[in-house]
Amino acid sequence: MPAHPASPASPALPPGRFGELVGIPLPVVQGPFGGGLSSVELAAAVSEGGGLGSYGAHIHTPEEITALVAGLRAATGRPFAVNLWVPQEGERAELPASVLAEHVERLRPYYEELGVRPPSAEDVRARPDFDAQLDALIAAAPPVISLVMGLPPRRLVTEARRRGILVLGTATTVEEAVALKEAGVDAVVASGSDAGGHRGAFLRPVRESLVGTFSLVPQVADAVTVPVVAAGGIADGRGVAAALALGADAVQVGTGFLAARESGASEVHRRVLGTPQARTTVLTRLFSGRPARGIPNGFVREMAAHEELVPPYPVQNALMGPIRRAAAERGRPEYVNLWAGQAAALAREPSAAAYLSALVGGAVRAAG
């Protein structure tokens, strides 16, 4: 697919191997946000600016995925990516009624404070079917399909090649990067432990897969022959230049774009990004049942002793849904999952276009 010219106002930054592969003039990928934090507006703005806009669709039904890809195509004629989560072994949405009741009781004070009802057992069991999601996404044929938390199914790689779809896989260790390359991905996102949101480790436990971005990137670049996209803790042009100098072919930036007004993040979430409060982040299972990096707030501190007691994803995610939504609607940041990477305090630009321009200009200046 041909590259589109960058905006005339953009400083020169070579597209590199990844940009040439995808057909974009800038080696910048917008991180795909799950849980409703993505938006068509944000993805389109990044793609129109010369990067690769992305949309996290792991909570969408197959019908919603079909409509999503159509909406993205209507919003931009440039390449974009749609992301799914690969299911992890051992995660199940059903628990014995008595066990589920215990987990509900742990959260009952929060339900009552916010005036919301706990989800029913049926709500907890409701979970999009990955195979059906993948079928819908392949049929919709976006330019790029990206995955986190596992290897691409063989049928995805086969069908993607037949249909001209590029496949990106996400690695948190060198071993995962090699496994992804062997599975047939077109590029590897090397996601360091600095990154915000959910950790995507799939070959070893998360605690054994916490490699910092600038340690991970050069090792992955040495280990695989496909283009490498550096992700995690990159929030300004200096980080972009550093990642490229370490062997990355492009960068994936999440938190900085999450702070842009086009993102699907709540106002209380965006408001804390770019502030001194965002200098501190922690890994927590409390909001979803999977380890994820975010800014600690009242809920994280109050419930810290229960980190190992909460049920796995998707049960804890479903139990926390009413609390998160009500808190965001009512401007209560102490109960919102404030996902953020370790460079979140650097996220200051108000719009996706301004931020993309700042990233590119800063990288050019830093590279000298």
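Caption draft 1: Region of interest: helix H2 (residues 40-48). Of the residues making up H2, those classed as buried are Leu42, Ala43, Ala44, Val46 and Ser47. As for H2, its buried residues are in contact with strand S1 (28-30), strand S2 (53-56), helix H3 (62-75), strand S3 (80-85), helix H11 (255-258) and helix H15 (352-367). Phi turns positive one or two residues past the end of H2, at glycine 50, with a value near 110°.

Caption draft 2: Quick peek at the sheet that holds strand S8 (residues 228-231). Taken in spatial order, the eight strands of this open sheet run S1-S9-S8-S6-S5-S4-S3-S2, and their pairing is parallel. Edge positions in the open sheet fall to S1 and S2, since each of these has one partner strand only. The sheet shows a mean angle of 25° between the axes of neighbouring strands, taken without regard to direction. Sheet topology places S2 next to S3; four bridges connect them, and they run parallel.

Caption draft 3: Up close: the environment of alanine 326. Checked against the element boundaries, alanine 326 lands in helix H14 (residues 315-329). In this structure, the C-alpha to C-alpha distance between alanine 326 and glutamate 182, residues 144 residues apart in sequence, is 44 Å. Setting aside its immediate chain neighbours within four residues, alanine 326 contacts Leu114 and Val116.

Caption draft 4: Seen up close, the sheet that holds strand S7 (residues 197-198). Read from one edge of the open sheet, three strands run S7-S11-S10, paired in antiparallel fashion. Either end of the sheet is taken by a strand with one partner, and the two such strands are S7 and strand S10 (282-284). Both S7 and strand S11 (residues 292-294) contribute to a ladder of two bridges, which runs antiparallel. Across the sheet, the residue bridging to histidine 198 is alanine 292, located in S11.

Caption draft 5: View of the packing of aromatic side chains. A full pass over the atoms with the stated rule returns six aromatic pairs. With centroids separated by 5.3 Å and ring planes inclined at 50°, the aromatic side chains of tryptophan 85 and tyrosine 313 adopt a geometry described as tilted. Of the two residues, tryptophan 85 sits in strand S3 while tyrosine 313 sits in the loop between helix H13 (298-302) and H14, which places them 228 residues apart along the sequence. Take tryptophan 85 and tyrosine 313: they sit in the same class, and that class is buried. Consider the rings of tyrosine 110 and tyrosine 335, whose centres lie 5.4 Å apart with planes at 75°: the pair is edge-to-face. You can see tyrosine 110 sitting in helix H4 (residues 97-114) and its partner tyrosine 335 sitting in the loop between H14 and H15, a full 225 residues away along the chain.

Each value, and the rule that gives it
- The residue numbering used here restarts from 1 in each chain and proceeds along that chain's sequence as written.
- Note on the predicted model: pLDDT of at least 70 is required for a residue's local features to be given, and 80 or more for side-chain atom pairs to be given and counted; whole-chain, interface and lining totals, by contrast, use all residues.
- In computing side-chain values, all of the structure's heavy atoms are included and hydrogens and water are not.
- Using a 1.4 Å probe on the protein chains alone, a residue whose accessible area is under 20% of its type maximum counts as buried, one over 50% counts as exposed, and one in between counts as partly exposed.
- Elements are defined by DSSP. Helices are runs of H or I of four residues or more, strands are runs of E of two residues or more, and each kind is numbered from the N terminus.
- Residue contacts are defined here by distance: any two heavy atoms, one from each residue, within 4.5 Å place the two residues in contact.
- At least two DSSP bridges between two strands are needed for those strands to be called paired.
- Each axis is a line fitted through C-alpha atoms, taken for helices only over the stretch in contact, and angles between the N-to-C directions span 0 to 180 degrees.
- Pairing of aromatic rings covers Phe, Tyr and Trp, the last counted by its six-membered ring, and requires centre-to-centre distances within 6.5 Å; plane angles under 30 degrees mean stacked, over 60 mean edge-to-face, and any other angle means tilted.

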